[in-house]
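Below are the chains, spelled out letter by letter.
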Amino acid sequence: MISVREDYPMGLSMLPASVRGAKTSYFSSFGLIKDKANGNWWFEFGTDAEEIGFWPSNLFRQSSGNYVEWGGEVFTASLPGPQMGYGIFPFQQVRYDAYVKRVAILDDNYNFDTKVDYMESFSDDNRGYQVIDFVKSEFQDAGHIIFYGGPGLDH
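Values in this document were obtained by computation on a predicted structure and should not be read as measured data. Each chain has its residues counted from 1, following the order in which its sequence is written. Given that the model is predicted, a residue must reach a pLDDT of at least 70 before its local features are reported, and side-chain atom pairs must reach 80 or more before they are shown or counted; all residues, however, enter totals for whole chains, interfaces and linings. To get the side-chain values, take all heavy atoms of the structure and skip hydrogens and water.

K.L.:
Honestly, the pairing of strand E4 (residues 50–55) in this entry has me stumped. Any pointers?
P.N.:
Note on strand geometry: in a regular strand, side chains alternate between the two faces of the sheet. With two bridges joining them, strand E1 (residues 2–3) and E4 adopt antiparallel strand pairing. Among the inter-strand pairings, Ser3 is bridged to a residue of E4, identified as Gly53. When DSSP locates at least two bridges between a pair of strands, those strands are taken to pair. Helix and strand definitions follow DSSP, with helices as H or I runs of at least four residues and strands as E runs of at least two, each counted in order from the N terminus. Here five bridges tie strand E3 (residues 41–45) to E4, and the two strands are oriented antiparallel to one another. Note on E4: the bridge partner recorded for Glu44 is Glu51. With antiparallel pairing between neighbouring strands as the criterion, E3 and E4 make up a hairpin whose turn holds four residues, including Gly46 at a positive phi of roughly 90°.

K.L.:
Could you clarify how one ought to interpret the pattern of salt bridges in this entry?
P.N.:
Any two side chains of opposite charge can pair if their charged atoms end up close together. Salt bridges are defined as contacts in which a side-chain nitrogen from Lys or Arg sits within 4 Å of a carboxyl oxygen from Asp or Glu. The final tally for this structure, using the stated rule, is two salt bridges. Note that Arg5 and Asp7 form a salt bridge whose closest N and O atoms lie 2.7 Å from each other. Each residue is placed in one exposure class: buried if its accessible area under a 1.4 Å probe, protein chains only, is under 20% of its type's maximum, exposed if it is over 50%, and partly exposed if it falls in between. Residue class for Asp7 comes out partly exposed when judged on its relative accessible area of 48%. A salt bridge links Arg5 to Glu50; the nearest nitrogen and oxygen atoms lie 2.6 Å apart.

K.L.:
I tried to follow the sheet that holds E3 on my own but got confused; where do I start?
P.N.:
The strands that make up a sheet pair up through hydrogen bonds in the backbone, lying either parallel or antiparallel. What the four strands build is an open sheet, ordered E1-E4-E3-E2; its pairing is antiparallel. Two strands lie at the open edges of the sheet, namely E1 and strand E2 (30–34), each paired on one side alone.

K.L.:
How should I be thinking about the side chain of Asp97 in this particular structure?
P.N.:
Tracing the backbone through its elements, the reader meets Asp97 in the loop between E4 and strand E5 (98–100). Look at Asp97: it is buried, it has no salt bridge, and the nearest opposite charge is Arg20 at 5.3 Å. Polar side-chain contacts of Asp97 include one of 2.9 Å to the backbone nitrogen of Phe91. Residues in contact with Asp97, not counting those within four places in the same chain, are Tyr86, Phe89, Pro90, Phe91, Gln92 and Phe147. The convention is simple: Lys and Arg are positive, Asp and Glu are negative, and His and the chain ends are not counted. Under the rule applied, a polar contact is a pair of N or O atoms within 3.5 Å (in protein, one hydrogen donor and one hydrogen acceptor; residues adjacent in sequence only if both atoms are side-chain atoms). By definition, residues are in contact when any of their heavy atoms lie within 4.5 Å.

K.L.:
It is not clear to me how the sheet that holds strand E9 (residues 145–149) should be interpreted in this structure. Could you clarify?
P.N.:
The three strands lie next to each other as E5-E9-E8, forming an open sheet whose pairing is antiparallel. Every interior strand has two partners, whereas the edge strands, E5 and strand E8 (130–134), have only one. In this sheet, neighbouring strand axes are inclined to one another by 20° on average, regardless of whether the strands run parallel or antiparallel. Relative to E9, E5 is paired through three bridges, and the arrangement is antiparallel. A fitted line through C-alpha atoms serves as each axis, taken over the contacting stretch for helices, and the angle formed by two N-to-C directions is quoted from 0 to 180°.

K.L.:
Teacher, can you tell me more about a nonpolar patch on the surface here?
P.N.:
A cluster of nonpolar side chains, namely Leu12, Met14 and Phe30, defines an oily patch on the protein surface of about 290 Å² accessible area. Position of Phe30 relative to the elements: it lies in strand E2. In this structure Phe30 comes out as exposed when scored by relative accessible area, which is 54%. Within the patch definition used here, like charges are joined within 9 Å and nonpolar side chains (Val, Leu, Ile, Met, Phe, Trp, Tyr) within 5 Å, considering only residues with over 30% relative accessible area and no salt bridge. Using the Shrake-Rupley algorithm and a 1.4 Å probe, accessible areas are obtained, with residue cover drawn only from the displayed protein chains.

K.L.:
Would you take a moment to explain the side chain of Glu44 for this structure?
P.N.:
If you trace the backbone, Glu44 turns up in strand E3. Setting aside anything within four residues of it in sequence, one finds Glu44 in contact with Ser29, Phe30, Gly31, Ile33, Ala49, Glu50 and Glu51.

K.L.:
What is the right way to read the packing of aromatic side chains from this model?
P.N.:
Ring pairs shown here join Phe, Tyr and Trp side chains whose ring centres sit within 6.5 Å, with only the six-membered ring taken for Trp; geometry is labelled stacked below 30 degrees between planes, edge-to-face above 60, and tilted in between. Per the stated rule, a full pass over the model turns up seven aromatic pairs. Ring geometry for Phe30 against Phe43: centres 5.9 Å apart, planes inclined by 25°, an arrangement best described as stacked. In this pair, Phe30 sits in strand E2 while Phe43 sits in strand E3, placing the two residues 13 residues apart along the sequence. Exposure remark for Phe43: the relative accessible area of 23% places this residue in the partly exposed category. With centroids separated by 5.3 Å and ring planes inclined at 55°, the aromatic side chains of Phe30 and Phe45 adopt a geometry described as tilted. Residue Phe30 is found in strand E2, and its partner Phe45 is found in strand E3; the two are separated by 15 residues along the sequence. We classify Phe45 as buried; its relative accessible area is 14%. Ring-pair connections join several aromatic residues into one group, and the members of that group are Tyr8, Phe30, Phe43 and Phe45. As a reminder, the over-ring test applies to NZ of lysine and CZ of arginine, requiring each to be within 6 Å of the ring centre and within 35 degrees of the ring normal. Over the ring of Phe27 we find Lys101; its NZ or CZ atom is 6.0 Å from the centre of that ring.

Here it is as C-alpha coordinates:
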(Lines give C-alpha, C1' and ligand atoms only; values in the text may rest on other atoms or scores of the structure.)
Protein backbone atom coordinates (compact mmCIF):
# COMPACT_ATOMS: atom_id res chain seq x y z
CA MET A 1 0.00 0.00 0.00
CA ILE A 2 1.21 3.49 -0.80
CA SER A 3 0.58 5.66 2.24
CA VAL A 4 -0.61 9.23 1.67
CA ARG A 5 -0.92 10.25 5.33
CA GLU A 6 2.01 10.59 7.74
CA ASP A 7 -0.35 10.93 10.71
CA TYR A 8 -1.62 7.33 10.23
CA PRO A 9 1.51 5.13 10.23
CA MET A 10 1.33 1.40 9.51
CA GLY A 11 0.70 -0.60 12.68
CA LEU A 12 -0.96 2.31 14.48
CA SER A 13 -2.67 1.27 17.74
CA MET A 14 -6.32 2.18 17.93
CA LEU A 15 -6.90 4.09 21.16
CA PRO A 16 -8.81 4.37 23.37
CA ALA A 17 -9.55 0.68 23.70
CA SER A 18 -12.91 -0.71 24.75
CA VAL A 19 -13.23 -2.46 28.11
CA ARG A 20 -15.27 -5.65 28.28
CA GLY A 21 -18.63 -5.03 29.95
CA ALA A 22 -18.29 -1.24 30.04
CA LYS A 23 -21.29 0.90 29.13
CA THR A 24 -19.22 2.80 26.56
CA SER A 25 -17.34 1.09 23.75
CA TYR A 26 -15.09 2.60 21.10
CA PHE A 27 -15.10 1.84 17.41
CA SER A 28 -13.44 2.71 14.12
CA SER A 29 -14.76 2.66 10.56
CA PHE A 30 -12.78 1.21 7.65
CA GLY A 31 -13.39 0.88 3.94
CA LEU A 32 -11.68 -0.38 0.82
CA ILE A 33 -13.03 1.49 -2.21
CA LYS A 34 -12.10 1.27 -5.88
CA ASP A 35 -11.59 4.69 -7.45
CA LYS A 36 -13.63 4.87 -10.69
CA ALA A 37 -11.33 7.50 -12.19
CA ASN A 38 -8.12 5.44 -12.24
CA GLY A 39 -8.91 2.04 -10.74
CA ASN A 40 -6.76 2.43 -7.61
CA TRP A 41 -8.00 0.71 -4.45
CA TRP A 42 -8.15 3.17 -1.54
CA PHE A 43 -8.03 2.31 2.15
CA GLU A 44 -10.34 4.72 3.97
CA PHE A 45 -10.54 5.27 7.71
CA GLY A 46 -12.93 7.02 10.08
CA THR A 47 -16.49 8.25 9.85
CA ASP A 48 -15.38 10.86 7.28
CA ALA A 49 -13.73 8.15 5.11
CA GLU A 50 -10.30 9.82 5.10
CA GLU A 51 -8.02 8.35 2.44
CA ILE A 52 -5.01 6.77 4.17
CA GLY A 53 -3.34 4.97 1.29
CA PHE A 54 -3.95 3.01 -1.90
CA TRP A 55 -2.95 0.03 -3.97
CA PRO A 56 -2.25 1.06 -7.60
CA SER A 57 -4.52 -0.42 -10.25
CA ASN A 58 -1.55 -1.81 -12.17
CA LEU A 59 -1.07 -4.41 -9.40
CA PHE A 60 -4.29 -6.13 -10.48
CA ARG A 61 -4.75 -8.07 -13.73
CA GLN A 62 -8.51 -7.64 -13.91
CA SER A 63 -10.85 -4.80 -13.04
CA SER A 64 -13.32 -6.78 -10.93
CA GLY A 65 -13.46 -9.92 -8.85
CA ASN A 66 -15.74 -12.85 -8.19
CA TYR A 67 -15.07 -13.04 -4.45
CA VAL A 68 -14.41 -10.71 -1.54
CA GLU A 69 -12.32 -12.05 1.33
CA TRP A 70 -12.14 -10.44 4.72
CA GLY A 71 -10.69 -11.59 8.00
CA GLY A 72 -8.17 -11.28 10.73
CA GLU A 73 -5.23 -13.07 12.23
CA VAL A 74 -3.63 -13.49 15.61
CA PHE A 75 0.11 -14.07 15.60
CA THR A 76 3.07 -14.33 17.86
CA ALA A 77 6.62 -15.36 17.02
CA SER A 78 6.73 -17.57 20.13
CA LEU A 79 4.27 -20.02 21.67
CA PRO A 80 1.66 -20.11 23.16
CA GLY A 81 -0.74 -18.45 20.71
CA PRO A 82 -2.03 -15.05 21.86
CA GLN A 83 -5.59 -14.32 22.88
CA MET A 84 -8.03 -12.79 20.41
CA GLY A 85 -10.61 -10.11 21.20
CA TYR A 86 -11.22 -10.00 24.95
CA GLY A 87 -9.56 -13.39 25.45
CA ILE A 88 -12.79 -15.37 25.88
CA PHE A 89 -14.98 -17.26 23.44
CA PRO A 90 -17.78 -14.97 22.23
CA PHE A 91 -21.35 -15.45 23.42
CA GLN A 92 -22.96 -12.95 21.05
CA GLN A 93 -23.38 -9.89 23.26
CA VAL A 94 -22.11 -6.53 21.97
CA ARG A 95 -21.27 -5.35 25.49
CA TYR A 96 -19.11 -8.38 26.28
CA ASP A 97 -17.64 -9.54 22.96
CA ALA A 98 -15.24 -8.16 20.39
CA TYR A 99 -17.13 -7.65 17.14
CA VAL A 100 -17.27 -6.10 13.70
CA LYS A 101 -20.59 -4.65 12.60
CA ARG A 102 -22.20 -3.30 9.42
CA VAL A 103 -20.24 -5.64 7.15
CA ALA A 104 -21.18 -4.62 3.59
CA ILE A 105 -19.98 -4.74 -0.01
CA LEU A 106 -20.05 -1.81 -2.41
CA ASP A 107 -20.93 -2.81 -5.99
CA ASP A 108 -19.78 -1.26 -9.30
CA ASN A 109 -22.55 1.34 -9.08
CA TYR A 110 -21.55 2.31 -5.53
CA ASN A 111 -24.64 0.69 -4.00
CA PHE A 112 -24.24 -1.11 -0.68
CA ASP A 113 -25.16 -4.76 -0.28
CA THR A 114 -25.71 -4.78 3.49
CA LYS A 115 -27.19 -8.27 3.65
CA VAL A 116 -24.03 -10.04 2.48
CA ASP A 117 -25.83 -13.29 3.20
CA TYR A 118 -23.73 -15.58 0.99
CA MET A 119 -20.67 -15.80 3.20
CA GLU A 120 -18.47 -18.73 4.09
CA SER A 121 -16.50 -18.75 7.31
CA PHE A 122 -13.15 -20.42 7.98
CA SER A 123 -10.94 -20.92 10.98
CA ASP A 124 -7.78 -23.00 11.03
CA ASP A 125 -7.98 -23.58 14.80
CA ASN A 126 -11.23 -23.71 16.78
CA ARG A 127 -9.56 -24.86 20.01
CA GLY A 128 -8.32 -21.40 20.96
CA TYR A 129 -10.41 -19.10 18.79
CA GLN A 130 -14.00 -18.71 17.65
CA VAL A 131 -15.83 -16.54 15.12
CA ILE A 132 -19.62 -16.27 14.97
CA ASP A 133 -21.17 -14.76 11.84
CA PHE A 134 -24.62 -13.19 12.24
CA VAL A 135 -26.21 -12.25 8.92
CA LYS A 136 -29.49 -11.09 10.40
CA SER A 137 -28.59 -9.46 13.69
CA GLU A 138 -31.17 -8.58 16.30
CA PHE A 139 -28.91 -5.75 17.48
CA GLN A 140 -30.33 -2.40 16.39
CA ASP A 141 -28.25 -0.66 13.72
CA ALA A 142 -25.60 -3.40 13.74
CA GLY A 143 -26.52 -4.97 10.40
CA HIS A 144 -24.35 -7.93 9.53
CA ILE A 145 -22.22 -8.55 12.63
CA ILE A 146 -19.29 -10.87 13.34
CA PHE A 147 -18.33 -11.74 16.93
CA TYR A 148 -14.84 -13.06 17.65
CA GLY A 149 -12.59 -14.03 20.53
CA GLY A 150 -10.72 -16.75 22.31
CA PRO A 151 -8.14 -17.48 24.99
CA GLY A 152 -5.47 -18.51 22.49
CA LEU A 153 -3.48 -21.71 22.35
CA ASP A 154 -1.40 -23.46 24.98
CA HIS A 155 1.08 -25.55 22.98
